Amino acid sequence: MTKKNYAFYPGCSSQKGASASNFAASIEVMCGKLGIQLNEIPDWNCCGASIGYGEGGLLPRLVLNARNLALAEQHLPGQDMVSGCPACWLSTRETAEKLRESADLMAGANEALKEAELDFKGTVKARHIVEVLVEDVGFEGMKAPVVKPLQGMKIAGYVGCQTNRPFGIAGESFENPQYLDRMIATVGAEPASGYEQKVTCCGGALAFSEPDKSQKQIRDIVESAYDHGAEMIVTPCQLCQANVEIYQSEINKKQGTKLAMPVVYYSQLMTVAYGGSLKEAGLDGHVIQPKKLQDIARK
Amino acid sequence: MSENRQAIAHYRNNFLKEVEVHVEDGEWVKMCMQCGVCAGSCPLGNAWQHTPQKLFMMIRAGKREEVLSSDSMWMCTSCYNCIVRCPRKLPITHIMHGLAHYAHRLGMAPKGQPTREVARLFWNNLAKTGRVNELKFSLAMYFKDGFIQGIKNLLAMQGIGIGLMKAKRLNPMELLGGHKCKDKDGIHKMIAKAREIEERKQGYAS
Amino acid sequence: MAEMKTAAYICSGCGLGDKLDIAQLGKIAQNEGKIALVRDHAFLCNSEGVQMIRDDIEKEGVTHVCIAACSRRAKTEAFHFPTVAMTRANLREGVIWVVAEGSEHDEVRQEMADDYVRMGCAELKKVKLPQGNPNTTLQKRILVVGGGMSGLTAAFEAAEAGYEVVIVEKQARLGGWANKLWKRVPFKAPYAEPQDTGVAVLAAKVSTHPRIKVHLNSTVAETAGAPGRFVVKVAQESGAVTEEAIGAIVQATGFTTYDIAKLPELGGGQANVVDQAGLEALAQAANGGALKRADGKEIKSVVFLQCAGQRDETGQHLAYCSGHCCATSIKQAMYFKDANPDIDTVVLYTDLRVPGMGEDFYRSAQEKGVIFTKGKASGVEAAVNGCKVSFKDLILDEDTSLDADLVVLATGQVPNAGVNLDAWDKAVSEADGGSEAAKQNKSEMQKISILNLSYRQGPDMPQFKYGFADSHFICFPYETRRTGIYAAGPVRRPMDMLQATEDATGAALKAIQAVENASLGRAAHPRSGDLSYPIVRLEGCTQCKRCTVECPFGAIDEDEKRFPVFNEQRCRRCGTCMGACPVRVISFENYSVDTVGNQIKAVEIPDEFSEKPRVLILACENDAYPALDMAGLSRTVYSAFVRIIPVRCLGSVNTIWITDALNSGYDGVMMMGCKKGDDYQCHFVKGSELAGYRMGKIGDTLTGMGLEPERVSSYEVAITDNERVAKFINEYVAQLVEMGPSPMKGFG
């Protein structure tokens, strides 16, 4: 299989020992099976995330992302820049678009980039890994390597916010995107139909600053998954995964609920279905254990 | 702070003009048609004293103090629901971020507003090395209200921390340095320059 | 006229042959229907079948044709034989498509088909081929009353279509309101900037058009006649009168602005408060420069108050929305912003209503910096430098105020529709009773009349809600109850200039349709092209005046002996007069008390032990009958005990049909017509209402016959009610079964 090359922007949460390190582990096998070659952008930096606005301001935020784009442009020419984290993708894509649209911002960004001895020409396209899967690989392509179909599993596809808005996957609706359910079905599991919390916000960064408000969101997201008969939630978003999985115990403690819904990444499902081991799928990295998936992975 | 003491507007849409010049995507505020879809689409809508719809109306009505000292914009979770639903295609999320940032920069944002604090800590954390150090950030979060409160917070959240450590998703070794960019000096200079350019353009006395 | 020779053609296509005994139907036509020539065909509407009928007409001298096949609304092009009288027996939509499937229903299905063949044959005996109105005229000139934007457009469009046009304008120059505007709202993309009104160009084109004659400083002193033969007296200010022969009339008499003096609470009467017309005058005076107040001060801040004296719920002011005023204020706010972007312009609105592409125009104003504030004004006070507007901010929910150099009140349009006919009728009857005050009142009213019609029904067209000129608002907005006279523009309903020009174009086309139909002796809308017209047997008339009073279209005058005088060109052929006539002397050649009565009598009524009730349905051909056809098309099953007769309008239903039906043993009668009331959908405006009124009185008759009042029931059926109509039928039949057979059975 000839591999297709992409400039890869992992993002802070996917670093070793960070909150989404299990995601980082799982995409390796998945990409390998699908002919996706991810080439890490050298010395990439943080995108500023959504919460960066408070202190950052517009140009400093754009410049952070312009640095990554410039590095990709310089070191991995001709390759689309791909991120697995929706916040990274959103920040990068927004930067690329804003700079393309405004000569003034582009000039400002390059003036600042010069301090780091860089220059951005605006040629790089910022994409999300899910876009690569849906658009470049396709659902048939995603199905081909399946050796262990996840039969008998009912999974709630939780898309969350930033993979879906404001850009989203081309051709999908903001209110009820279908691709995640189709991906679940592609690996042989059953998507929980009518899961109405599919695009609900988990609270994002406000999980830290406004825990009660955020945990109310999380409780809805988890309870609805139970209501629709799901045994697991799957998501493409690092912050969603962390918030929804980690705070269930807090909610239980405060509100007397008994939530214990595993939350995994689509890439973990695919890695298991493609025959990857428990470790390769990052399934050793959960606070709430996705036992059924772990069992399949062990087989 | 001179900004804050500006003469009372000669024209009553002066605050609107101020927002148009100083706030990210502020030129869109005048395009709101007051339908209220943003207010109804916000996941934390109930927590907003002034919904985006109201904030836009207040800006047009020249309510400078009330808008900039409001904690409403700080309730934004960046879910972008308002953006995709706004029939007038206002970049509402960006305007909320822009207003919050502007208020923060002028020193008018509410003191101790938790999201404002988180935002500040987060930025400082990432700006130091170019990458976020989740452990240091979390600790800074817990200790933002002082040492005693920090210990309490830490104890309250220790279950979560231990869970994450077991799952190898929180690395205690991060305290001793952790991930960072090689060219962190370049990043520092770059951010400083960007800030300088922005302040020059906006006419801030920095 | 040639001797009557009847023929019946029974089709066995579309599954009719599989479901029905075609031979038996033929025998019924022959033996019971007494039809001279009976044929069946496997595919009657194909060229061979149609040729067979044509051959019979040409070679066999057939004059009357009954086609027993599909609905009269289907295959009308194939079954088009203009030289013979024709009836249709609806076996497809009316029988095989609606009777339940299965052999257990074979008997009732066949009985239903048998009856429809009997009915078609019985009707055929009574119909004649309509010969057309002999009083055809060739006058096709179109009169346009009013020379504003609507009138100019109607005149220009009609003239460009090749018709002679006469314009009567009260003022000394053409252009009307448009002359007073500085700019108008844009009609075309990008809908961003105010535009030149274009009225000068249009007025010049009209003035110099070879087919348009213009009377300025003139009014209409009298309008007599009917479509195709109106005689209109045009009176000049000087007193000179010109007579014009006219085919049809477009009334485009526009509007007056609501009197600002009636709004003192919003500053009406204050020096620095104007209405939108007043602002246009300031803009014209400024001629593109800075707008100045009456006192010469340059305006630096302006507030527009929307809905001033409009959408009023207190009953003091206009209850309606005038539709154009939001866009007009947006345009006027741009006058200021375009002259100087620093001028504070605030539009205070409760709901911004910008129909059409006005949303783009609104957006353009926002881009220019016009501030839109959702709030309700409570008062305008004079202040040192201008005005103080107090209002409630509806978004922030607080009482607040704004200072402005000038306040503009967006007031509404009041139609110039002439005399209110209800008031006129009252004055006429009081004047006839000798009241001097009423006589005075009547002559005052005549002065404001626009058309001065010499109709017995009064000098102007009827008025619709809020005094707007008549309109069949829901279904056919250009139609009025005065045939050949069409209202266009803001006299008909509040509207902006673009809508008015479109409206005027539509009205011009209606006027053209009216003169063309009149010249051929044919009916106008909705039975456009119909050649039949009411024939009255005057020797039987009792001069009761019910036909004259009830005709929705003012088609019938009275002579000095109070006999009806029919103006065929004004007639719409609805048959309301026929339904009204207590002595049944009014008929059409192909639609009469007998054509329907004969069908009713032709149905075979099973005896009371058969458990087969019979229900007569009189269904309006405009909505109810199509809905029944659609029920067939969608294979919606309904009871096989009903027998349906289409009628032109429920207004044409003569109560004799009902009593005849019940006397001959029908168990019940269903009347299906269009919606009546304020938001009527009756194609003839008053038909279903009159029918409702008449049926309201039939209860006594039923009691007199010893019958339950439920044996006659009425339904409002819209054209989309294909499912509902089947439900009505099935529920009613069930109710009748519950009630038991009619005691009249066996006496018929």
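Keep in mind that this is a model prediction, so the values were computed, not measured.

Parameters at a glance
Residues numbered from 1 in each chain as written. Chains lettered and ligands numbered in written order. Predicted model: local features only at pLDDT ≥ 70, side-chain atom pairs only at ≥ 80, totals over all residues. Contact = placed C-beta atoms within 7 Å. Helix = DSSP H or I, 4+ residues; strand = E, 2+ residues; numbered from the N terminus. Nonpolar A, V, L, I, M, F, W, Y, C, P; charged D, E, K, R; others polar. pLDDT = per-residue confidence, 0-100. Axes fitted to C-alpha atoms, helices over the stretch in contact; angles between N-to-C directions. Left-handed = near helix turned anticlockwise from the far one by under 90°. Pairing = 2+ DSSP bridges. Domains from an automatic or database assignment.

> Honestly, the interface of chain B and chain A in this entry has me stumped. Any pointers?
When the parts of a complex come together, some accessible area is lost, and that lost area is often taken as the interface size. Facing the 54 residues of chain B at the interface are 54 residues of chain A. Of all the secondary structure elements, the ones that give two or more residues to the side of chain B that touches chain A are α5 (81–85), α6 (92–106), α7 (114–129), α8 (134–142), α10 (158–166) and α11 (184–202) of chain B. Looking at the side of chain B that touches chain A residue by residue, the class counts come to 25 nonpolar, 14 polar and 15 charged.

> I keep staring at the confidence of the model for chain C and nothing clicks. Help me out?
Caution applies to low-pLDDT parts of the model: their predicted coordinates are not meant to be read in detail. Averaged over every residue, the pLDDT of chain C is 95; residues scoring 70 or more account for 99%. Across the assembled chains, the prediction reports ipTM 0.94 with pTM 0.89.

> What is the right way to read the packing of helix α2 (residues 22–31) of chain C against helix α5 (residues 106–126) of chain C from this model?
Relative placement of two packed helices is described by the angle separating their axes and the distance separating the axes. All names here are of chain C. With their axes 9 Å apart at the nearest point, α2 and α5 run at an angle of 30° to one another. Between α2 and α5 lies a crossing whose hand is right-handed. Between α2 and α5, the residues in contact are Gln 24, Leu 25, Ile 28 and Ala 29 and Gln 110, Ala 113, Asp 114, Val 117, Arg 118 and Cys 121, respectively. By residue class, the composition of the contact of α2 with α5 is six nonpolar, two polar and two charged.

> Would you explain the interface of chain C and chain B in this entry?
Chain C puts ten residues into the contact, and the matching count from chain B is eleven residues. Residue assignment for the side of chain C that touches chain B shows that the elements contributing at least two residues are α10 (358–367) and β16 (371–382) of chain C. In terms of residue count, the dominant contributor to the side of chain C that touches chain B is β16(C) (three residues). Looking at the side of chain C that touches chain B residue by residue, the classes come out as three nonpolar, three polar and four charged.

> What exactly am I supposed to notice about the sheet that holds strand β7 (residues 212–215) of chain C here?
Pairing between the strands of a sheet comes from backbone hydrogen bonds, and it takes one of two forms, parallel or antiparallel. Residue and element names in this part refer to chain C. Ordered by their spatial adjacency, five strands build an open sheet running β7-β6-β5-β11-β21, and the pairing between neighbours is parallel. Edge positions in the sheet fall to β7 and β21 (485–487), since each has one partner strand and no second. Going from strand to strand, the sheet's axes swing by 20° on average, the running direction of each strand aside. Across the sheet, helix α6 (residues 149–160) lies against β5 (142–145), β6 (165–168), β7 and β11 (248–251), angled at about 170° from β6, the strand it touches most. This element, helix α13 (residues 497–519), spans β5, β11 and β21 of the sheet and lies at about 165° to β11.

> Would you explain the domain arrangement of chain C in this entry?
Residue and element names in this part refer to chain C. When the domains of chain C are assigned, the result is domain 1 (1–129), domain 2 (142–254 + 461–519), domain 3 (262–412) and domain 4 (605–748). Summarising the inter-unit geometry, the C-alpha centres of domain 2 and domain 3 are found 31 Å apart. Contact residues are listed per partner, giving 15 residues for domain 2 and 21 residues for domain 3. Residue classes in the side of domain 2 that touches domain 3 are distributed as twelve nonpolar, no polar and three charged.

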